[in-house]
Each structure stands twice: as C-alpha cells, then as structure tokens.
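Single-letter residue listing:
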Amino acid sequence: MGARALRDLLGDWRSDAPAYEALSDRVRLLLLDGRVSSGIRLPAERELADALALSRTTVAAAYRRLRETGYASSVQGSGTTTRLPNARPAAGVPGGTLIGFTHASLPATRMLPSALDDELLADYRSHFGTLGYDGIGQLELREAIADWYGRRGLPTDPEQIVVTTGSQSAIFLAAKALVNRGDRAWAESPSYPNAYDALRDAGARLITTPVTVEDGWDLPALEAAFQRSAPAVAYTMPDFQNPTGRSMSMRDRERILEAAAAAGTVVIADEATAELDIDRGVVLPPLGALAEAHGAEVVHIGSASKQIWGGLRIGWLRATPQLARRIAAQRGSTDLAVPVFEQLVVARLLPHSAEIAEERREQLRVGRETARTMISELLPDWTFPPRLDGGLAAWVNLGAPVSSQLALAAHARGLLVAAGPRFGIDGAFERNLRIPIAADPQALRQGIEVIAELWPSVHRLARAEFESYAGTVA
Ligand SMILES: Cc1ncc(COP(=O)(O)O)c(C=O)c1O
C-alpha cells in the first residue's frame with residue numbers, strides 16, 4: 001500500500017493521544033472495518049512520515065505499537081505487514097463464535113424453502129439451452145421487479161431494470177455510468193459506507209450534508225450544497241436511512257427533487273431497506289413516482305438482500321430504458337451477468353413481498369425493543385434514537401467521543417462492531433455507534449452485555465483524557 005493511499009484512508013486521524021498512539025489506533029480501526037486488508041505491506045516508515053508530515057520516529061513507534069498489539073508483523077528486510085489478531089470469543093457465546101455487529105442484515109425469510117420446489121428446478125433446467133449470460137437479467141425476474149414497483153406506485157417496464165450482483169454492484173454501476181472522474185457527488189452524512197466507497201471508486205469527489213436521528217435531513221444545507229456544487233449525482237436513502245433509521249417526509253422528497261432538478265443532478269435513490277417498516281404508520285411514494293412532476297431524474301437501487309436473503313446476492317437498478325441499456329453495456333469489466341438460479345428464486349418470492357415485510361416487521365420490532373431496553377438499563381449515558389420506525393440499525397449516541405476506542409476494546413472481547421467514523425467521510429461520529437437491531441436477539445443481548453462491561457473503563461479513560469486536555473487550556 002502506498003503512503004498517499006494510506007494517508008487518504010486515515011482521514012482526520014489525530015486525537016488528544018500522542019501522535020504514534022493515535023496513528024496506530026486509526027490503522028487498527030481501518031483493519032477492523034475492512035478498509036485496510038490483513039496481509040498487506042504498510043508504506044515504508046520514511047514515506048509515510050513524509051506523507052503525514054511526521055517524524056520517522058513517530059511512524060516507527062506507531063508501527064511498533066501495531067506489532068505489539070498483534071495488528072502487524074515484520075520480517076527482516078520486507079517491511080511491516082498488517083494482520084488481524086485472533087479475537088477472543090465473547091464469554092458465554094455458544095460454540096465460542098464471535099458476535100458480529102458489523103453487518104445490519106437478517107437471515108433468510110421463512111418463505112425461502114417454499115420457493116425451492118420441483119417447479120423451480122424444472123424452470124432452471126429449461127434455461128440450460130441458453131448461454132446463461134444475460135447482461136440485463138432474466139425476463140421473469142425483471143417482470144417481477146417491474147410489478148413490485150407498480151405495486152408501490154411507480155409504474156415500470158421490465159426494460160427499465162438491470163439485475164445486478166447485490167445492490168452494491170448496482171450502486172457502483174450507476175455511479176460509473178453517471179460520474180466522470182473529478183465530478184462532485186453528494187451523499188448524506190452519516191451514510192452507508194460502501195456507497196461512499198463506490199462513488200469514490202467511480203471517480204467522484206464527495207460532498208455531504210447532515211442527516212440526524214433527531215431532525216432528519218438538513219434541507220437548507222442540502223439545497224445550498226446542490227446550488228453551490230451542482231453534483232453529478234446525489235446518493236440518498238429516503239426510506240430508513242442507514243445508519244440513522246430516518247425516512248423522508250413528503251416535503252423532504254419534494255425538496256430534494258426540486259434541488260436536484262435545478263442543479264442538473266441525477267438522484268440515486270437506494271431502496272435496499274425501503275420495505276423494512278416497523279411502525280411508521282404511513283406509506284410514502286418512491287422518489288421516482290414524484291420525479292416527473294419536479295423535472296428530476298431518479299435512478300432507483302433495489303435489493304433482495306434485506307427482505308429475502310443476502311446470500312442470494314440479487315440486486316437491481318431501475319433507470320430510463322436508454323440508461324439501463326448503457327449501464328448493462330458497460331458492466332463487462334465488473335460481473336457480465338448474474339447467476340440464473342438465484343434470479344429465478346427471487347422472481348418467485350418477490351410477488352409475496354407484503355407477507356415477507358410482515359415477517360421482517362416482527363423481527364425488527366423484537367430487535368429494536370431488545371436493544372432499547374438493554375441500553376436504557378445497562379448504558380444510561382447513551383441515547384437510543386427517540387424515533388426509530390424502520391430500518392436495520394439504531395444509531396446510538398454515546399455521549400462521549402469514544403466510539404473507536406470502544407470498537408477496539410470490543411474486538412478484543414470477540415464483538416466485531418463498526419465504530420461511528422466508518423459512517424462518515426472525515427473521521428466524524430466518534431460519539432455514535434451503529435447497533436444492528438437486525439441481529440439475532442440472543443447475539444444482540446450478548447453483544448450489548450459485552451459493551452456494557454467495557455463501557456466504564458472506556459468512558460473513564462476518555463474522561464481522564466478530556467480533563468487533562470481541558471486542564472492544559474484553562
Ligand atoms: C443501504 C444499503 N444499500 C445497499 C446495500 C448492499 O446490499 P446488497 O449488495 O446485499 O444488496 C446495503 C447493505 O448493507 C445497504 O445497507
């Protein structure tokens with residue numbers, strides 16, 4: 001890994017801790033988040049020192065600390081290589097497994113087995129005479145997706161759909177088609193981090209405006225940013241924004257479309273979590289259903305992962321037929337096409353989306369109440385979102401900027417959780433942690449217990465640091 005690449009990933013890494021400690025902590029966090037892989041060679045000490053305007057001794061001390069804590073190893077003459085130490089399984093976890101809080105997703109719907117019948121196999125066999133490479137997706141699935149949009153108030157032709165390898169791939173393909181290198185792309189802050197990465201990989205320079213648990217979208221800031229920067233694309237999650245869980249009001253929807261139309265910005269509306277409504281009480285239209293009235297263009301992103309199962313790896317995008325064809329024509333460098341079998345499975349289950357949404361609603365309600373109750377009992381310093389009526393996660397406020405320290409301590413105890421800064425672009429959100437209410441309730445309880453055990457020491461340390469810092473400026 002080059003020094004400049006690491007510098008870009010490090011972002012705003014400095015803290016009140018000594019530089020070598022803050023630097024090694026940030027590299028550990030990047031490793032835990034998966035943004036730096038295990039087994040790669042870190043830049044030479046001198047190069048990183050130059051890139052970060054630090055002394056070589058500081059970088060050497062940071063690397064030494066990484067080695068001592070098990071996050072790096074070095075072989076004479078071949079530099080320092082990252083590694084992930086084996087985390088200790090959390091006490092009492094069955095089978096000694098780790099607890100995973102890094103993915104906010106549910107296991108397969110109860111309806112999945114019913115789709116795997118003889119009829120499906122016969123249908124699958126009937127495709128064996130084809131080449132199997134269908135760059136836009138199987139017609140029966142595109143028809144089922146078009147019907148799904150139609151039921152949600154957005155009439156759609158199968159020609160407008162491109163089936164992709166999960167919606168992650170749809171986000172990337174849309175960005176690649178719509179962004180030229182150096183273009184601005186707007187996104188929410190905080191947001192789904194893999195979307196930031198996809199936009200960056202497509203060559204975009206990111207600009208963000210806030211979404212908060214309390215107040216939702218900051219529309220005046222969003223409008224000013226669109227007017228000032230005229231972003232090529234705007235990536236948004238109107239329904240059950242990840243990680244805040246907020247959803248846009250009707251007026252929010254209209255205002256973002258008006259701002260986008262005025263700036264010539266194409267809106268990429270990610271609806272991977274749009275049907276995960278626990279108890280919002282109203283059904284609001286997809287952005288695309290309002291786009292024409294506002295002169296805006298919307299590309300919709302959809303996914304089978306959160307409703308049906310992530311293991312199928314089926315997602316899609318909905319665009320104008322011309323854009324859909326252009327996107328399909330340029331997917332050769334990514335995945336060419338999507339497996340036929342999984343597409344047929346989704347085509348069978350998508351017509352049952354209302355029934356599946358009901359099942360998900362109950363699972364998420366249990367997760368939300370488990371997390372809310374445990375946090376109010378065990379972690380009274382924290383603030384659970386006052387309103388969380390859908391989505392897969394709770395964006396909790398820790399009341400102190402210690403998210404990275406907490407995530408590092410949790411990892412050593414076998415709980416893998418992404419720290420708040422993973423959901424921003426500049427090291428912000430140290431006061432937040434994303435708790436997946438979609439996690440299995442037992443794992444959710446165990447994970448929160450692990451955090452509650454760690455909390456007093458992490459919090460005490462942070463307070464001591466803060467007080468010594470405050471003392472120096474008083
Ligand atoms: C908002 C959002 N969009 C897209 C994705 C990508 O999911 P997949 O590629 O499984 O469809 C996720 C996954 O967590 C997500 O949370």
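Parameters and conventions
- Residues numbered from 1 in each chain as written.
- Predicted model: local features only at pLDDT ≥ 70, side-chain atom pairs only at ≥ 80, totals over all residues.
- Heavy atoms only, no water.
- UniProt positions renumbered as here; feature names shortened; annotations may be inferred.
- Helix = DSSP H or I, 4+ residues; strand = E, 2+ residues; numbered from the N terminus.
- Rg over C-alpha atoms; globule rule 2.2 N^0.38 Å.
- Buried < 20%, exposed > 50% of the residue type's maximum accessible area, 1.4 Å probe, protein only.
- Areas by Shrake-Rupley, 256 points an atom, 1.4 Å probe, with all protein chains shown as cover.
- Lys, Arg positive; Asp, Glu negative; His and termini not counted.
- Charge placed at Lys NZ, Arg CZ, Asp CG, Glu CD.
- Near = heavy atom within 4 Å.
- Polar contact = N/O pair within 3.5 Å; in protein donor to acceptor, adjacent residues only side chain to side chain.
- Core = buried A, V, L, I, M, F, W, Y, C linked by side-chain atoms within 4.5 Å.
- Domains from an automatic or database assignment.
- Contact = heavy atoms within 4.5 Å.
- Pairing = 2+ DSSP bridges.
- Axes fitted to C-alpha atoms, helices over the stretch in contact; angles between N-to-C directions.
- Parallel < 35°, antiparallel > 145°, perpendicular 65-115°, else oblique.
- Left-handed = near helix turned anticlockwise from the far one by under 90°.
- Nonpolar A, V, L, I, M, F, W, Y, C, P; charged D, E, K, R; others polar.
- Salt bridge = Lys/Arg side-chain N within 4 Å of Asp/Glu carboxyl O.

Per an unreviewed UniProt entry, the protein goes by PLP-dependent aminotransferase family protein and derives from Gryllotalpicola daejeonensis. Turning to the protein, the UniProt annotation filed under Sequence similarities (unreviewed entry) states: "In the C-terminal section; belongs to the class-I pyridoxal-phosphate-dependent aminotransferase family."

Turning to the overall build of the protein, a few remarks are in order. Across its full length, the protein holds 17 helices and 14 strands. Taken over C-alpha atoms, the radius of gyration comes to 23 Å for the protein, in line with the 23 Å a tight globule of 474 residues would show. C-alpha extents for the protein along the principal axes are approximately 65 × 50 × 45 Å. Counting every position in the protein, which comprises 474 residues, the buried fraction comes to 54%. Carbon and sulfur atoms provide 51% of the accessible area of the protein, an area that totals close to 20100 Å². The averaged location of the 56 negative side-chain charges in the protein is 6 Å from the averaged location of its 50 positive side-chain charges.

Attention now goes to the site of the ligand. By nearness alone, every residue bordering the ligand is listed as Gly166, Ser167, Gln168, Tyr192, Met237, Asn242, Asp270, Ala272, Ser303, Ser305, Lys306 and Arg313. Separating an oxygen atom of the ligand from a backbone N or O atom of Gln168 is a distance of 3.0 Å. Between Ser305 and the ligand, the recorded distance is 2.6 Å, taken from a side-chain N or O atom to an oxygen atom. Across the complex, the protein chains shield 91% of the 400 Å² of accessible surface that the ligand would expose by itself. Element by element, the count of residues in the shell around the ligand is highest for helix α8 (residues 166-178), at three residues.

Attention now goes to the nonpolar core. Counting 65 residues, the largest nonpolar core has Leu23, Trp382, Val396, Leu406, Leu433 and Ile435 as its most contacted members. At nine residues, helix α17 (residues 441-473) tops the list of elements feeding residues into this core. Here this core spans two domains, since at least three of its residues come from each of domain 1 (3-82) and domain 2 (94-109 + 355-473). Residue contacts for Leu406: discarding those within four places in its chain leaves Trp382, Leu398, Leu433, Ile451, Leu454, Trp455 and Val458. Counting residues in hydrophobic clusters, the runner-up holds 31 residues, among them Ile171, Ala185, Ala204 and Leu323.

Moving on to the pairing of strand β8 (residues 233-236). On β8, burial covers both faces: Val233 and Tyr235 on one face and Ala234 and Thr236 on the other are all buried. Of the strand pairs in this sheet, strand β5 (residues 184-189) and β8 are connected by three bridges, and their pairing is parallel. Bridging from a neighbouring strand, Trp186 pairs with Ala234 of β8.

In this section: the side chain of Gln343. Mapped onto the fold, Gln343 is located in helix α14 (residues 340-349). Here the side chain of Gln343 touches Pro339 through a polar contact of 3.4 Å, landing on its backbone oxygen. Apart from the residues within four sequence positions on either side, Gln343 is in contact with Gly137, Gln138, Leu141, Val163, Ile314 and Val338.

Orientation of helix α6 (residues 118-125) relative to α14, taken along the N-to-C sense of each, is 135 degrees, at an axis distance of 10 Å. In terms of orientation, α6 and α14 fall into the oblique class. In this structure, α6 crosses over α14, and the sense of that crossing is right-handed. Side by side, α6 and α14 meet where Glu119, Leu120, Leu121, Asp123 and Tyr124 of the first sit next to Val340, Phe341, Leu344, Val345 and Arg348 of the second. Taken together, the residues of the contact of α6 with α14 break down into seven nonpolar, no polar and three charged.

Inspection of every chain in the model, using the stated rule, returns 26 salt bridges. A salt bridge links Arg368 to Asp279; the nearest nitrogen and oxygen atoms lie 2.8 Å apart. Remark: Asp279 occurs in the loop between β9 (266-270) and α12 (287-294) and Arg368 occurs in helix α15 (residues 353-378); sequence separation between them is 89 residues. A relative accessible area of 37% means that Asp279 is categorised as partly exposed. Shared partners join several salt bridges into a network, and the residues in it are Asp279, Glu362, Arg365, Arg368, Glu369 and Arg372.

As a further point, take the sheet that holds strand β6 (residues 205-212). If you walk across this open sheet you meet the eight strands as β4-β11-β10-β9-β8-β5-β6-β7, and the pairing is mixed. Of all strands in the sheet, those with a lone pairing partner are β4 (161-165) and β7 (216-217), marking the two edges. Sitting on the sheet, helix α7 (residues 139-151) touches β4, β10 (297-303) and β11 (314-318), and the angle it makes with β4 is about 110 degrees.

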